[in-house]
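Architecture and fold: a report
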Amino acid sequence: MLSKQYRLTKRGSFTYVYNKGLRQSRGLVALVYVPSKNLKVGFSVPNKVGKAVVRNRLKRQMRAIVRGLLPNIKTAQIVFTLRQESDKLSFRGLEQKVTELLVRAKLY
């Protein structure tokens, strides 16, 4: 589980990041971020990706990936969004996409 201090949970926080944020995309994974004093990370997996079991598994995998990268991520409010067909990605493939996105956004 991602520590509470690193979680982006409130709907208003997600809306703020979506409205004010900068966007990066890498195929089936996208991120929106706003530079900030603290690091906060949120995850969005739309209903089109699959049933609840699949969406929850993807969110757990994303949290595990981000938890491993936490010491090297610069402070920002970040929202990761998974797109349709992202449930076909392996854990390593998902990890590679997330790392590439963070590097492209200069957050890693």
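In case you missed it, the structure is sitting above this.
Residues numbered from 1 in each chain as written. Predicted model: local features only at pLDDT ≥ 70, side-chain atom pairs only at ≥ 80, totals over all residues. Heavy atoms only, no water.

Here the focus is the pairing of strand β2 (residues 29–35). The side chains of a regular strand alternate, residue by residue, between the two faces of the sheet. The buried count for β2 comes to 6 of 7 residues, which makes it a mostly enclosed element. Note: strand β1 (residues 22–26) against β2, 5 bridges, orientation antiparallel. Note on β2: the bridge partner recorded for Arg-23 is Val-32. Here β1 hands over to β2 after 2 residues, with Gly-27 in that stretch at a positive phi of 70°. Pairing geometry for β2 and strand β4 (residues 76–82), over 7 bridges, is antiparallel. Along β4, the bridge assignment pairs Leu-31 with Phe-80. (Buried < 20%, exposed > 50% of the residue type's maximum accessible area, 1.4 Å probe, protein only. Helix = DSSP H or I, 4+ residues; strand = E, 2+ residues; numbered from the N terminus. Pairing = 2+ DSSP bridges.)

The next point concerns the packing of helix α2 (residues 52–69) against helix α3 (residues 91–104). Relative orientation of the contacting elements α2 and α3 amounts to 55°, with a least axis distance of 10 Å. The angle between α2 and α3 places the two elements in the oblique class. The hand of the α2/α3 crossing is right-handed. Across the interface between the two elements, Leu-58, Gln-61, Met-62, Ala-64, Ile-65 and Leu-69 from α2 touch Phe-91, Leu-94, Glu-95, Val-98, Thr-99 and Leu-102 from α3. A breakdown of the residues in the contact of α2 with α3 according to their chemical character gives 9 nonpolar, 2 polar and 1 charged. (Axes fitted to C-alpha atoms, helices over the stretch in contact; angles between N-to-C directions. Parallel < 35°, antiparallel > 145°, perpendicular 65-115°, else oblique. Left-handed = near helix turned anticlockwise from the far one by under 90°. Contact = heavy atoms within 4.5 Å. Nonpolar A, V, L, I, M, F, W, Y, C, P; charged D, E, K, R; others polar.)

This next bit is on α3. For α3, which comprises 14 residues, the first-to-last C-alpha distance of 20 Å matches the rise-based estimate of 20 Å (1.5 Å per residue) to within 8%. Buried within α3 we find Gly-93, Leu-94, Val-98, Leu-101 and Leu-102. Considering only its buried residues, α3 is in contact with β1, β2, α2 and β4. (Expected span 1.5 Å × (residues − 1).)

Moving on: the packing of aromatic side chains. Overall, the coordinates contain 1 aromatic pair when judged by the stated rule. Consider the rings of Phe-43 and Phe-80, whose centres lie 6.0 Å apart with planes at 15°: the pair is stacked. Residue Phe-43 is found in strand β3 (residues 40–44), and its partner Phe-80 is found in strand β4; the two are separated by 37 residues along the sequence. Of the two residues, Phe-43 and Phe-80, both sit in the buried class. (Phe/Tyr/Trp six-rings, centres within 6.5 Å; stacked < 30°, edge-to-face > 60°.)

A few words now on the nonpolar core. Counting residues in each nonpolar core, the largest one holds 27 residues, and the members touching the most others are Leu-31, Ile-78, Phe-80 and Leu-102. Broken down by secondary-structure element, the contributors of at least two residues to this core are β2, β3, α2, β4 and α3. Contact partners of Leu-31, with chain neighbours within four places excluded, come to Leu-22, Arg-23, Gln-24, Ile-78, Val-79, Phe-80, Leu-101, Leu-102, Ala-105 and Leu-107. Core analysis: the next-biggest nonpolar cluster, separate from the first, contains 6 residues, Leu-8, Phe-14, Val-32 and Val-34 among them. (Core = buried A, V, L, I, M, F, W, Y, C linked by side-chain atoms within 4.5 Å.)

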